Amino acid sequence: MFGTAPASVCGGGRSHRVCAVFSNASEWRGSSENSCSAEFPKFLFVCLHSAFPVPQQCKPQQPALSFPLLEKTISVALSLSSLALPPSPRRAEGSVPHELRERAGPGRQQRRRRRSGGRGGAAAIPGRRIAACAEPPAAAGRMIAAQLLAYYFTELKEDQVKKIDKYLYAMRLSDETLIDIMARFRREMKNGLSRDFNPTATVKMLPTFVRSIPDGSEKGDFIALDLGGSYFRILRVKVSHEKKQTVQMESEIYNTPEDITHGSGTRLFDHVAECLGDFMEKQQIKDKKLPVGFTFSFPCRQSKLDEGILITWTKRFKASGVEGADVVKLLNKAIKKRGDYDADIMAVVNDTVGTMMTCGFDDQRCEVGLIIGTGTNACYMEEMRHIDLVEGDEGRMCINTEWGAFGDDGSLEDIRTEFDREIDRGSLNPGKQLFEKMVSGMYMGELVRLILVKMAKEGLLFEGRITPELLTKGKFETKHVSAIEKSKEGLNKAKEILTRLGVEPSHEDCIAVQHVCTIVSFRSANLVASTLGAILNQLRDNKGVGRLRTTVGVDGSLYKMHPQYARRLHKTTRRLVPDSDVRFLLSESGSGKGAAMVTAVAYRLSEQHRLIDETLAEFKLTHEQLLQVKKRMRTEMEAGLKKKSHETAKVKMLPTFVRSTPDGTENGDFLALDLGGTNFRVLLVKIRSGKRRTVEMHNKIYAIPIEVMQGTGEELFDHIVTCISDFLDYMGIKGARLPLGFTFSFPCKQTSLDAGILLNWTKGFKATDCEGEDVVYLLREGIKRREEFDLDVVAVVNDTVGTMMTCAYEDPNCEIGLIVGTGSNACYMEEMRNIEMVDGEQGRMCVNMEWGAFGDNGCLDDIRTIYDKAVDDYSLNAGKQRYEKMISGMYLGEIVRNILIDFTKRGFLFRGQISETLKTRHIFETKFLSQIESDRLALLQVRTILQQLGLNSTCDDSIIVKTVCGAVSKRAAQLCGAGMAAVVDKIRENRGLEHLEITVGVDGTLYKLHPHFSRIMHQTVKDLAPKCDVTFLLSEDGSGKGAALITAVGCRLRDAEQN
C-alpha cells in the first residue's frame, strides 16, 4: 500500500491531500518534544492513512517501516514543504541530499519523469533542477515533499528485493554456472547413449523407436490413448488429404481415481480397456480395427515401437505388477479379456515424444520435445550412429532423455540448496528425480513455501508469525507462484494468497514473497535452458553446421500458465546457445494428438516400406536365380566358341592370339599406345628381368579433339602418329625401332596378335573409313605418311587382356582378366581345342569374351526390371549390351534415377515433388552410389549429395535413396559374380580338376571405388563356384603396362619360333 499510493498521488490528481498531510506533520514536528521522537513515522502513517483510506480488509495492523531512512526522507520533505519559493520563471537549483540524489539513478529519474508527464511540472525529480511552478511557493514545496515520499517507498521496495537476493543468493545462477551445467548434462547424455555406461547413467537416454517426424503425407483414422495423470484421455484423430492436410479430433476424458492408480496393474489396464470400449461405442467404431497410439507418460524401455517396458512409476502412480512389464501386452490382454472390440496398438510413446510429434505436424523443423509442467522431460532426434543400444547406423531415432533424473548421482550437489534437500527428503522417491524437483511444477510451490517458513522463523517475514496453514505441505501451490508473479495484479494476488494462509502480510511482505517466487521460477527456467542448450549443441554438432535452425515443441502447465516463464526460458536459451536459431512452438493439442501422429507416421512408414520392399524385391536375386544366370552365361560362352553358332552368338568369345602370360624372362624397352576415350596415352615401358624384376614407365597424355574423333580415319591416325612423334622427341628415342603394343579399347575381331578388325566404334568415336578395317594397318599407314620414324607393331590389345597380363606379371596364377568400370568385360585363358574359330589344338589362348552383350538375345528378360528396360530404351544402343547395362558404372546411376522418379511419383520421396534436376538423364552418376553407400558417410552427408543434385531431402528420403542404391549395386555385384563363376568353373572343367586355384586380375572404377561391390562379388563367386578358390588381384595400369607386357611376351614367343 505504501509503495503505490504516494507515487500515484504525485501525478497531480490528489496532491492537495498530500499537502494537507505535510501541513499537519510540520505542525506536529515543530514542537521540540516531538522533533526526534520515534513515534513520528507512525504519526505520519496516520496522516497518510487519513488522506488515503483503504478498504478494511487490506489494512495492515502495524506498518513494518524502515524508520531511519523514512526519518531522513521526511526531514527533507518537511523542510521543503515549508520552503518559501519566490515566484520566478527560472529558479536556483533545489537542494536534495547527495545520497538520495545518487541512489535515484537515471532509470529511476526517467520513471519519475514519465509519471510527472514530462520534463517540467511541480513533481521535479530528486537530483535535478527544480522547475518553474505556477502554484504558490508553499504548495510547490509540498509537492516536492510528496515526490520525496514516493521515492522513499520505491527505495523500500528495492531494499526488500536486495534483502531477498542476498538471502537466496545460492538460487541465483550465473551464466558461467549455467554453461558448466550444460557441459555436465552433455556428458550425461553421452553416457546414456553409450552401451558401456548406460547401466550406471542417471540420464537414461531411452530409444523410442520413433524414427521419423510427420512429413505432411500422413492420412487415416487413428485412436490415441493418453495416460499420465489423474485423467485418462481418448481421442479419435482423422487425418485427411482432400485439398490440404487436415486433422479432425474428437476426445473424451475419463477419471482415473486414486484407488485405481494405487491398486493392481490388472485393475488399471482393465479400467483403460473399459474406457476405450466406451469411447469406441460412442464413436460407433467397435466393429473397426483402427491403429492405436498409446501415450504412456512414464519412463519405459523399448526395443520396438509397439513395446514399452515400465522402468518405474512416477507422478504418484503406484499400480502393482506393472514395473518391469510390457504395458502394450498388459493393455492387449485387458482388451482381449473383454472380447467386444479389437485394437491394433502400433506405438507406445512418452508424452514428451507426443509433444514433439504434435508440433512436428505443424512445423517439420521440429526435432525437440519439451515438457515443463507437473514434471519435466525432453526428447530429441538423435543420429542412429550415436545410439549404441539399438542396432544399425542409418537414420535418426527420437531419444527420450528422462532428464528429470539428472543429478541423481550427485553431479548437481554444488547448486542444490537446503530447500531442495528438504523437498527431496519429504518426497515419495527420495534421492531420485533431483533435477525435476528443482524445476518442475509439482515442487515449485512447495519450494517457495519452505523458503517462506524459514524466513518467517528468522523474523524476516510476517513479523515472525507462522500459521498452521503455512506449515502445511502443499498449501502453497505452483499456480500461486504464477499468480503472484503477474506484473499488474501480482502484489494484490500475493496479499490474497498470504491472507488465506493466515499470515496477515504487510505490503513489504508481499514484495518479498513476490521476489522469492521470481527467484525460484527464474532458477527453474535457467536450469531448463542449460539442459536444453546441451541438446541443441548436440543437434548442431550432429548436423555439422555452424548455425542450427530448429524448432522445439513445448507443452506443460508451468510453461503455459506462468506469466514470465516462457520469456525467461527463451531468453536464457538464446544467450547460452547463441549459434542456434530456435523457434519455440506451443503444443496446442497435447500429447494425445502426438500419439496419433506417431501412429500415423508409423502407419505411413509401414505402408511405404511394404511398397518399397515390394518394388526392390525384383533386385534381390535368389541363389537359384543366380545359378540360372551362371548356367546361361556358360551356354552363351559355348555358343561363342563354336564355329557354327559364333555368328549368331551374343557373347562373341573373340580370340586375342595372346597365347601365354608373362613367365618373368621378358626384358627390354617397349612402347605402348592407349586409345579408349577422349585422352590418348603414349608410354615407354622398360622391363628388366632377373632376380629383381622391375617395370619402369614413362608416359605422356594427349587430347583427342572432338573434330578428330568424328572426322576421317586418316585424320584420326595422323593425329595419333603426331602424338607418338612428339613423345619420341620428348624421350629422345626417335632413332630406335621399338616394339609397340596398341591398347585399342573398342570391339575388334582379331585374326592374329597384330591384326584387329574394328567391328564398331563406341564411346563417342565416329571416325569414317575405320569400321571393318584393320586398326594396326591404319596405324602403320599413318607412320609411313609421317616418314620420321619406324615402329614394330607387335600386338593390338584389348584393355581387359592388358589387365590380365599386368596381374599375371605379379602372380603367374592369374589367367583371367576382369574390368568393372564405366563398362564391363572379361577375358580368360581358354584351351585351344575349344576355340573353333582358330586353327590348332595345342596350348591356350586368351579369349576376349565381350560379355557386355550377354542377354541381348532375351535370356535375361526374366530378371530385367521396368527400370532396366527404361534405361535400355533411352540409351544410344537400345537392345544391345544388356548385361553391361545391369552391372557397369555407366548405367547404375541411371537405373537409380529411374527408381527415384517412380518413388517420387508414388509419394515415397521428396514429398512427391520431382525436381527438374531429377528429370535430367545421367545426372545421377555412379560415383554418387559409391559415396552414398559408404559406411563412413552419415545421412547428413547423403543429404548434402542429394542437395547438390537439387533434391531437398529429409532424413527419411536419404534412407530410402541409400536403400535404392544398395539394391541396385548389390544386384550388379551378384550378376557380375555369377558371370565370373561361370568362367572359373569352365576353366576347372577344361582342366579336369576337382578343385581349382586361380587368380583374377581386376580393374575398373566401380570395383575399386564402390565400398561394397568387390566384397559382394567375391562372395557370390564363392557361393556359385564352391570348387574354385579364386583370388582377386587389383591391376595397376593394365591398359598401358599390360600392352607392353603383351608385346614383350609376343616378342619372346616370336623369337622362340624364329630360333
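Residues numbered from 1 in each chain as written. Predicted model: local features only at pLDDT ≥ 70, side-chain atom pairs only at ≥ 80, totals over all residues. Heavy atoms only, no water.

Labelled according to an unreviewed UniProt entry, the protein chain appears under the name hexokinase, originating from Phasianus colchicus. Per UniProt, the protein chain has the following entry under Sequence similarities (unreviewed entry): "Belongs to the hexokinase family." (UniProt positions renumbered as here; feature names shortened; annotations may be inferred.)

(A) Structural detail: helix α35 (residues 1013-1024). When the terminal C-alpha atoms of α35 are compared, their 17 Å separation across 12 residues agrees well with the 16 Å that a helix rising 1.5 Å per residue should span. Among the residues making up α35, those that are buried are Phe1013, Ser1014, Ile1016, Met1017, Thr1020, Val1021 and Leu1024. Around the axis of α35, the buried residues are gathered within 165° of arc, so they sit on the same side. Residues of α35 that are exposed and point more than 90 degrees away from the buried face comprise Arg1015 and Lys1022. As for α35, its buried residues are in contact with α22 (623-641), β22 (814-820), α29 (882-887), α33 (955-990), α34 (1005-1009) and β26 (1028-1034). (Helix = DSSP H or I, 4+ residues; strand = E, 2+ residues; numbered from the N terminus. Expected span 1.5 Å × (residues − 1). Buried < 20%, exposed > 50% of the residue type's maximum accessible area, 1.4 Å probe, protein only. Arc of directions from axis to C-beta. Contact = heavy atoms within 4.5 Å.)

(B) Quick look at the confidence of the model for the protein chain. Of the residues in the protein chain, 83% reach a pLDDT of 70 or more, and the chain-wide mean stands at 83. The low-confidence segment residues 1-43 (pLDDT under 50) makes 75 contacts with residues lying over four places distant or belonging to another chain. (pLDDT = per-residue confidence, 0-100.)

(C) Local environment of the sheet that holds strand β21 (residues 792-797). An order of β17-β16-β15-β18-β21 is seen for the 5 strands of this open sheet, with the pairing classed as mixed. The two strands at the open ends of the sheet, each matched to only one other strand, are β17 (694-703) and β21. Strand-to-strand twist in this sheet, taken as the mean axis angle between neighbours without regard to direction, amounts to 20°. Bridge count between strand β18 (residues 739-744) and β21: 5 bridges; the pairing is parallel. Bridging from a neighbouring strand, Phe742 pairs with Val796 of β21. The strands touched by helix α27 (residues 799-810) within the sheet are β16 (679-688), β17, β18 and β21, with β21 carrying the most contacts at an inclination of about 105°. (Pairing = 2+ DSSP bridges. Axes fitted to C-alpha atoms, helices over the stretch in contact; angles between N-to-C directions.)

(D) Here's a closer look at α27. A rise of 1.5 Å per residue sets the reference length of α27, with its 12 residues, at 16 Å; its end C-alpha atoms lie 17 Å apart and thus fit the reference within 8%. With respect to burial, α27 is a largely interior element, 11 of its 12 residues being buried. Residues Asp799, Thr800, Val801, Gly802, Thr803, Met804, Met805, Thr806, Cys807, Ala808 and Tyr809 constitute the buried set of α27. With a side-chain oxygen lying 2.8 Å from the backbone nitrogen of Thr800, the N-terminal cap of α27 falls on Asn798. (Polar contact = N/O pair within 3.5 Å; in protein donor to acceptor, adjacent residues only side chain to side chain.)

(E) How the structure looks around the pairing of strand β15 (residues 668-675). Across the 8 residues of β15, 7 count as buried, placing the element largely inside the fold. Sheet analysis places β15 next to β16, joined by 8 bridges and oriented antiparallel. Each bridged residue has a counterpart across the sheet, and for Ala672 the counterpart in β16 is Leu683. Hairpin connection between β15 and β16: a loop of 3 residues separates the two successive antiparallel strands. Sheet topology places β15 next to β18; 5 bridges connect them, and they run parallel. Directly across from Leu671, in β18, lies its bridge partner Leu740.

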